[in-house]
Structure formats: structure tokens, C-alpha cells
There are 2 protein chains.
Amino acid sequence: MRLKVKDVKLSTGGPYVAILNTEDAEKLDLNPLDRVRLTTDGRELVVFLDISKKGIKPGQIGLFEEVLKALKLRNNNLINVYHQKKPESIYLIRKKLSGDKLNGKEIEEIVKDVVVNKLSAVDLTYFVSACYTRELDDNEVLALINAMVRYGGSLGIKQKMILDKHCIGGVANNRTTMLVVPIVAAAGYTIIKTSSRSITSPSGTSDTMEVLSPVALNRDKIKKVVKKTNACMVWGGAVELASADDAFINIERVLSLDPEGMLLASILAKKKSVGSTHVLIDIPVGIGAKFEDMKKARRLSKRFASIGKKLGMRIKTIITDGSQPVGNGIGPVLEARDVLAVLNGNGPEDLRNKALHMAGLLLEMTGAKDGKKLSTEILDSGRALKKMRQIIKAQGGNPNITPDRLVPGRHRYDVCAEKDCIIRGINNKNVSKLARIAGAPKDKAAGVYLHYHVRQRIKKGDAMFTVYAENKRKLEFVKDFLSKVKVIEGC
Amino acid sequence: MRLKVKDVKLSTGGPYVAILNTEDAEKLDLNPLDRVRLTTDGRELVVFLDISKKGIKPGQIGLFEEVLKALKLRNNNLINVYHQKKPESIYLIRKKLSGDKLNGKEIEEIVKDVVVNKLSAVDLTYFVSACYTRELDDNEVLALINAMVRYGGSLGIKQKMILDKHCIGGVANNRTTMLVVPIVAAAGYTIIKTSSRSITSPSGTSDTMEVLSPVALNRDKIKKVVKKTNACMVWGGAVELASADDAFINIERVLSLDPEGMLLASILAKKKSVGSTHVLIDIPVGIGAKFEDMKKARRLSKRFASIGKKLGMRIKTIITDGSQPVGNGIGPVLEARDVLAVLNGNGPEDLRNKALHMAGLLLEMTGAKDGKKLSTEILDSGRALKKMRQIIKAQGGNPNITPDRLVPGRHRYDVCAEKDCIIRGINNKNVSKLARIAGAPKDKAAGVYLHYHVRQRIKKGDAMFTVYAENKRKLEFVKDFLSKVKVIEGC
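Residues numbered from 1 in each chain as written. Chains lettered and ligands numbered in written order. Predicted model: local features only at pLDDT ≥ 70, side-chain atom pairs only at ≥ 80, totals over all residues.

(A) How the structure looks around the overall build of chain A. Helix and strand content of chain A: 18 helices and 19 strands. Computed over the C-alpha atoms, the radius of gyration of chain A is 25 Å, within 12% of the 23 Å expected from 2.2 N^0.38 for a compact globule of 491 residues. Along the longest, intermediate and shortest principal axes, the C-alpha atoms of chain A span 80 × 55 × 45 Å. Here chain A holds 491 residues, and the buried ones make up 55% of them. In chain A, of all internal contacts separated by at least 6 residues, the share reaching a separation of at least 24 is 78%. (Helix = DSSP H or I, 4+ residues; strand = E, 2+ residues; numbered from the N terminus. Rg over C-alpha atoms; globule rule 2.2 N^0.38 Å. Buried ≥ 20, exposed ≤ 12 C-beta atoms within 10 Å, placed from the backbone. Contact = placed C-beta atoms within 7 Å.)

Quick look at the structure:
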């Protein structure tokens, strides 16, 4: 069928979409989500179909910006529309959903089609469902990693040894990355750390690092920073590593799913695409953390090790206490202040200890002896602070920043103990939610400051924690939330 | 956030969708597929979010026709946009996908949200995946049926006894409905038959009946036809019975899935919403039919019986030979010709016998003795033909139509035997595909006519089958297809 182009003056942000009038769709026996092939002047493109009663007349075809651009079309151009068969990847997704295993070539076929936008949101949802209900085995995860790396971006940095760390998340603050990276780099190793921004948390490592320097660096800039400092701490989203993963995450988010195999692949594909050879992975376990169940954490830990071996990557996992926040501040500015304080020798003890432990383990993975002692020397001698300043400067920030220059939101609300008491628990989920209600991560200076941690004694009337906001109205929401939800147990 | 309405001059055909500019979406921390609540002048509506770089400026919100109508909005009106929590049904879908059972109330919650367009295509896909991978048990199917009936349309016909029949499909022609209905109605029973149009087959019962009379009747018209004739044969789509089912089918189609529980619910919800009390279900089994596997067919048969009991519906299933087409013609006109020929006493024997067998069983379900004998008398006496004419007339067709007035497509292509041979098989899938390539069901007169059936002897040079088309070019596609694919085995 030959149809006249109508520019609908909208973009989809990725997928190729065309709109037919109901009448033409019936004539062509087409349904929404069907694929059609558009041809014009030797160019052709497969697009997904939307069907509209209004706006597109019979004889017209509505095209979104992406399609117009790809086919070099304008209003009133004529194009041909043909039925298009489903791609092979659809049958492979069905195969997996039916419970069969997929081999490497089959998984690669799916990932390739994801990256080139050949699959619709419905197709992707079927694939995520398949990975969730018919768990991916180690070989499938490995294939998924390799395919995501092959069809994703890579930094193109090749070194014999690149160190890396990762935390599975769910624990408030826990900003060890910003200590481990300068310590390890100061010890002379290369460590390239790409992080995410917050999705549902009050701050991702990238949001916190962004308080000190830009994090949305392009590949060339990252290479320069690494060359200069042996390290970087950047936002992974800016370099689009393992882009298929972003498509999966968008779909997973709808049902808050996190299929184990996809979690493994998501993390390791990103590590592989920056060239990491030695990776330390922190799996916090505790009520309110991402893993509340030790059994699941142990299982994940084993799978990291076995898949790492197949990838030729040295992976060490540690299961840590995720039952309460690590550090005092929650929210970008408050967390950055904790980090700088530790580097300056006077930050929260728990954050300092965890970072030293992790930096030590990572150094030992390379063959170093007594890593914790080495890390402690590097931190206490000020060499880590110096390295941090180098990194901040190389990434475009102010290297002379000090903790006292990091000022939290100007509206504050102290929550005090109503009796003498001992803190029995600090719920990670609720404290994170509280910080978000206060405005984090968008309001960088918003968040929560914990004056005490679990097992500490508080006197009646003492502030247990302080909430900071940049906007007074948000503090009202904070009070409302606190009237309904308990953040501190035992007080 | 307060935004200015922009009418995007498109409809979605159902779901409520709004489009934000990328910049505003980031400010509001919103992603595609998120839900937002729009409020204006005391009205409010929850919509799904699309995000566009182009077409919608910061400060604007693009609205589709459905949203504009629901909120009575026009270009440049101002509305408020708020975050909206996910509906409870999202968590229920997740629960099922994780392998837990759902109770009746939970399933009702999901179906209700489907019907009022509260769920996106991604949400629906998760639900279909859940039903496919975590099979629905009888109680869940029952709950799904009751919910689909409650939140779908019903004909509102209440009688002590309403007969019905259904075929699981996959066998070419097999147009028993158009014989069973007039026979049973002529015997004095009420039989209300809603059928589907073809989705992937060369003709659905509705497409074939449409050759003889209109089938897209509204409720009032159907009631009048039933009152006048005791029967009807109409397109179910026109009365939107069990509308949630249509939403599920749209999603199932993408991966050609047919989860057993949803198949059971889809069929029985439609039966229940027309008030059927006695239902005969035909499950053809054979290579190329929907069920190739006797075990699966037996399992389905048992589940029909047990769920029917719980529904208070008498259901009888028969497993029939689905290894070859039933009747000679394939395609709307050719099938209608077969049916009229049987009613006139000279149609294909296999179609006649199967219809008499089924009509007999259905009559016996009501307590009649020797149903096959009774059916045969009704057919041979011409009473069934008379009843068929009444129905055709009541539905608005020409009651005096005769088989010779049903002329197949004017372009024909005979496929002849290359040697003396005996037909060993006729592949349902391939012969259906052939008829579709020839133009069926859209070209009503296109299709395939089988001169022989399985186990019949053919002489060299005799036509095994003839392909009819209304358009010469399609006959070229037919020849191309036949050069690659075997329709007849053994010759």
C-alpha cells in the first residue's frame, strides 16, 4: 500500500513507530504492535505500528521523528508499506519463556535486536519475564554479558590490570567507592569506576560525586582523567556501556523486578566493558537492604565467582552488614561531606573502617600483603586525600573543597528522643525514603544526618537525627511521613 | 507542576497517554511508562507517560484525544501534574509472576484495572507471562471467568436452557457451527452462537457467515434475531463480551502464546456472558491442528469439565480427528458453499457427518434420546435449511441464496497429481496458509478447493485441488509458495 507521510511532530526517544488510520489498518489486516516495512527511494526501515482513529486520515501514515530522519522523509512524501515478519529473536524469547535454555548465539541475537530497537516494549517484557521465571544459568548469563559488551559501548582502555569495586546497594550512604578509589589509586593501581545515578535511592555514587566534580564525562575525557590520575569516578550513563541493559532496566522497573541472572549480567557487563580485571563486590545483607536473606546473598556470591572465572575476571565478594546505614549523612551533599571528612582524618568511623577493609581486600587480590595496613597508611598519611584532589581536579571540579564548605539545606528539623533509650535499629528503606521526601537527590543539599547509630545510647531530648531541606514545604511532607513511619527502632 | 496542554491531535485507541518534554520529566524524576495524575477543575485522571525530545516544549504537556475528552481540555488549558503510585494490581501481577497463587478478589482487581485501562501494555505482558509460566489452576481460571463476565458486556438474555458449541480451531473449513446451529434451533432449542473473525486462519466462522448475512449485530438486534428464530450466528467482537479478554489476546498474539488457563477462561467467559447452559466443545487433534498432542487435548478436556461444573454449566468435550480439513472449500465463499450444499442434501460427506454427530451430542446433553437420528431427520427433511433461511433473513441477509450463487474467485489454478497415487495427508497449516496467500479471508471469494481427501486415490493428471483468487498477482504468490511447500502428502 502506498501512503502519504504525515509528520506527527513527536519523537519516541528510540523505537521506530508509524501510525496508520484504523481503516487502512483493517484493509491491511494489521494490528497495533505489528511490524511493517517502509520503503522509499532505495531506503527501507522496519517500524512498529500504532493505530489511530483520529489525526491520521485514510491514505496517510503518521511518522515520528526517528523514522523521518532514518528514511529522510518529509510531509506528503509517498512511501510503500509492507507486512514484515517477526524477527527470529521473537521466537527465541518464546523459547526461553517456555522453559528451554538459550545458547550463546541465540542470546546474542536477542541482545543485538534490543540494541538496534527491533524489539518493542512488549517483546522486552516477555524477555524480562522469561529471565525472571526461567532463571538464566551461568552459561546464559555469560552469553548475555558477552553480547551486551559486544553490542554496547566500551571505553577502549586496555591494561593488564584494572581494579574495580561494586556494591549491590540498598544501604543508605555506604559511600565506600569515594574512599576505596583514591586509596587504591594512591597505591599505584588503575581503578576505573563507573557508577549509576539514583533510581529510587536518595543518592547514587554519581549524585554524591557530582557534588565535588562533574561526572558526565565522555570517553575521551575519561581516558585523559585515567591517564593523569590512574582513576576516575564517573557516571556510567554518559558513556552508554552495555546499552541493552538500560532497555532491560526500564522494563524491570515497572514491576520492580530484579532477575538474578540479569543482575549478574548487568553488573559484570559494565565491568567488562571498562576492562576491569580484579573486582571486589560488596553484598550488604540486612533488613531494609536489597538482600534481606543470607541464603540468597550466598548464592549470588557463588555465582559471581563462577561466572567471573569463565569471564577471565578475578572476582571477590564480601557479604557485609546491611542492617543500618554506613556513615552519618544521607543525601548527596551530606554524603560527600562524610567522605571528605574521612579523607581528612575525622569522618564517621563505620564508613572509614568499611572502606579500609574493602580497599585492603582489593589490594590483596593483586597479590599485596596485609592490604588493610597498607590502606590505612595511605589514608592516614594524606596520600588518599591528595589523590582525591587530583581526581576532582582532572574531572573538572574544585580540588580545594573542604568538608565545612559542604553545607546542608537551610531548613532543618531535629528529631529527638522522647526518653533515655538505646537504638535497636535504623531502617534503611525508611531513612532513604525520608531523605527523598526531603528533596534528595535532586536537591543536592537535602537529606538526613544520623547523630547516632545502632546500639548507641541516647538521652531524652537529644537529637537522634536531623532532616535538611532546601524548601520549607518539603519539611512539612517530612513531618507528615514521620508521623506515620518509624525510622529508628528502640527510641 | 503546572503545565500547558498541547493537543497532539492523535488518539491511542484506548489507553490514556500524556507526553512530557525530556527536561520536565527529569525535573519531576519521571520515566516513560510511569503513571501521573492530572487534575483540572475538580476532574482528575491517571495517565501513562511518554517522554519526547521533540514536539512538546518544556512547560507543555502533550495529550491524546482520550485524555482531552475525559478531562474536557483544550489547547493551552493549564493542568496540574502529580506523581501517581502504581495500582495494587501491579503488585498482584508481580505476585503471580513470582509463582504465588491469586485468589478471586485479587484476580478481579487485575481484570477490573484491565477493563478501565489502568494497565499498560507492559503490565499486561507481565500478566500474560505470569499466566503462561505459572499456570492458572482451576480456581484461578474460575475467578478469571467470573471477573471477565462481571467487567465485560453480557447479552442480557436469560433462559433456563441455552445451547452452545465451540471448536478449539486449527482445522481448515470445519464449519460445523453453521450446520449445528440450524439443526438444534429447528429441534426447538435456543442456541446463541458468537464467533470470532479470522486472526491467522483463512476464515473464521464470522467471516464465512458474513457471506450469507451481516454478523456485526448489536445487542438489541441479536435479541430480536434470537426471539424470532431461537438462534443467531454473530461476530462476538461487535458486542464486546469479556472485553478484558481482547486486551489479553492482543498481547498473546505478539508471541503467539496461548496459555491454557487463559484459553479456558477466554472461551468460557464468552459462553457465560451469553447465558449458555449446555456447551459442546470440539477439540480437534492432529498434525497441523492447534493440538498435535493427544495428552494435552485430554488434559484440556478434563479441565473444561471440572471448571464447567464449578460454573454451573454443562460441558461436554469431544476430541476429533484434526489431521486434515473437514469439508472441501477453504475460504469464506467456498466454505459457505459447502454449508449450503449440506443443508440442500448434497455437500461434503465428512462435514455433514461431523455436524450431525455434534448436533446429536448437543441434543442428547439436554436429555434427548438418539440425537444423531433426530439431527439426521431434521437435516434430511429440509427443516434445518428452512431454519437457516430464517436466521439469514433475521440477521439481514438474503434467505434465498443457493450454493450455485456462491462463486469463487475468477482466477483459478489447478494443482494436478504427477502420478497415480493415494493421498496420505493434507497439512492443515499449509493449506490454510495457501488460502490466505490467495487472499482469504479479506477477498471473500479467494481460497482453496480440495477435490480429494486423505486415503483417496488420484489418477495422474487429475486436479488434487484448485486455488481461487480475485487478483491475478496473488496467484503468482500462490505458485511461488507451492514451489516451496508441500500441501498434499503422498502425491
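There's plenty left to go through after this.
(B) Examining the relation of the copies chain A and chain B more closely. Rotating chain A by 180 degrees and moving it 0.1 Å along the rotation axis overlays it on chain B with an RMSD of 0.1 Å. Given the turn and translation reported, the copies of this chain are related as if by a two-fold rotation axis. Within chain A, the C-alpha atom positioned nearest to the axis of rotation is that of A:Val122, 2.8 Å from it. Of the residues that chain A buries at the interface, 100% are likewise interface residues in chain B, meaning the two copies contact each other through the same surface. (Least-squares fit on C-alpha atoms with pLDDT ≥ 70 in both.)

(C) Examining the interface of chain A and chain B more closely. Contacts between the two partners involve 35 residues from chain A, matched on the other side by 35 residues from chain B. Only strand S4 (43–52), helix H3 (88–97), helix H5 (121–133) and helix H10 (243–255) of chain A provide two or more residues apiece to the side of chain A that touches chain B. The biggest single contributor to the side of chain A that touches chain B is H5(A), with eight residues. A per-class count over the side of chain A that touches chain B returns 16 nonpolar, nine polar and 10 charged. (Nonpolar A, V, L, I, M, F, W, Y, C, P; charged D, E, K, R; others polar.)

(D) How the structure looks around the pairing of S4(A). Residues and elements named next belong to chain A. When strand S2 (residues 17–21) meets S4, the two strands line up parallel, connected through five bridges. When the sheet's bridge partners are listed, Val17 is paired in S4 with Phe48. Where strand S3 (residues 35–40) meets S4, six bridges bridge the pair, whose relative direction is antiparallel. Across the sheet, Leu38 pairs through a bridge with Leu45, a residue of S4. (Pairing = 2+ DSSP bridges.)

(E) Expanded view of the domain arrangement of chain A. Per the domain assignment, the segments making up chain A are domain 1 (2–83), domain 2 (88–134), domain 3 (163–239 + 256–394) and domain 4 (407–489). A C-alpha centroid distance of 53 Å is found between domain 1 of chain A and domain 4 of chain A. (Domains from an automatic or database assignment.)

(F) Focus on the sheet that holds strand S16 (residues 447–450) of chain B. All names here are of chain B. Read from one edge to the other, the open sheet built from four strands follows the order S12-S16-S18-S13, with strand pairing classed as antiparallel. Taken across any chain shown, the strands that pair with only one partner, and hence form the sheet edges, are strand S12 (329–330) and strand S13 (411–416). Bridging between S12 and S16 involves two bridges; their strand directions are antiparallel. Considered in S16, the bridge of Ile330 is made with Val448.

(G) Layout of the sheet that holds strand S5 (residues 60–63) of chain A. Pairing is mixed in the closed barrel, where six strands are placed in the order S1-S5-S2-S4-S3-S6 (chain A). Between one strand and the next, the sheet's axes are offset by a mean angle of 45 degrees, whatever the strand orientation. (Axes fitted to C-alpha atoms, helices over the stretch in contact; angles between N-to-C directions.)

(H) Here's a closer look at helix H7 (residues 177–186) of chain A. Residue and element names in this part refer to chain A. Where burial is concerned, most of H7 is hidden: 10 out of the 10 residues are buried. Residues of H7 that are buried: Thr177, Met178, Leu179, Val180, Val181, Pro182, Ile183, Val184, Ala185 and Ala186. Once H7 ends, the next one or two residues include Gly188, with phi positive near 100 degrees.

(I) Region of interest: the nonpolar core. Ranked by internal contacts, the top residues of the largest apolar core, which has 276 residues, are A:Val184, A:Ala438, B:Val184 and B:Ala438. Setting aside its immediate chain neighbours within four residues, B:Val184 contacts B:Leu163, B:Tyr189, B:Ile191, B:Ala359, B:Leu362 and B:Leu363. Membership of the second largest hydrophobic core comes to 50 residues, among which are A:Ile19, A:Leu71, B:Ile51 and B:Leu71. (Core = buried A, V, L, I, M, F, W, Y, C linked by C-beta atoms within 7 Å.)

(J) Summary view of the environment of B:Asn76. Residue and element names in this part refer to chain B. Take Asn76: it is sitting in the loop between helix H2 (65–71) and strand S6 (78–83). Separated by 33 residues in the primary sequence, Asn76 and Glu109 place their C-alpha atoms 36 Å from one another. The contacts of Asn76, once residues within four sequence positions are left out, are Lys4 and Val5.

(K) Summary view of the packing of helix H4 (residues 104–115) of chain A against H10(A). Residue and element names in this part refer to chain A. Taken N-terminus to C-terminus, the directions of H4 and H10 make an angle of 80 degrees; their axes are 9 Å apart at the nearest point. Taken together, the axes of H4 and H10 lie roughly perpendicular to each other. On H10, the residues touching Val111, Val114 and Val115 of H4 are Ser243, Ala244 and Ala247. Taken together, the residues of the contact of H4 with H10 break down into five nonpolar, one polar and no charged. (Parallel < 35°, antiparallel > 145°, perpendicular 65-115°, else oblique.)

(L) Main features of helix H14 (residues 349–365) of chain B. Residue and element names in this part refer to chain B. In a regular helix each residue adds 1.5 Å, so 17 residues correspond to 24 Å; H14 covers 24 Å between its end C-alpha atoms and thus fits that length. If you follow the buried residues of H14, they end up packed against strand S7 (163–167), helix H7 (177–186), strand S10 (278–285), strand S11 (314–321), helix H13 (332–343) and helix H15 (371–380). With its phi angle positive at about 110 degrees, Gly367 sits one or two positions after the end of H14. (Expected span 1.5 Å × (residues − 1).)

(M) Region of the structure containing the confidence of the model for chain A. Averaged over every residue, the pLDDT of chain A is 94; the share at 70 or more is 100%. Overall fold confidence for the complex sits at a pTM of 0.91, while the interface term, ipTM, reaches 0.90. (pLDDT = per-residue confidence, 0-100.)

(N) Summary view of the packing of helix H6 (residues 138–150) of chain A against helix H12 (residues 294–311) of chain A. Residues and elements named next belong to chain A. Two elements in contact, H6 and H12, have axes separated by 10 Å at closest approach and are oriented at 55 degrees. Taken as axis vectors, H6 and H12 run oblique relative to one another. Handedness of the H6/H12 crossing: right-handed. Where H6 abuts H12, its residues Asp138, Val141, Leu142 and Ile145 lie against Arg303, Ser306, Ile307, Lys310 and Leu311. (Left-handed = near helix turned anticlockwise from the far one by under 90°.)

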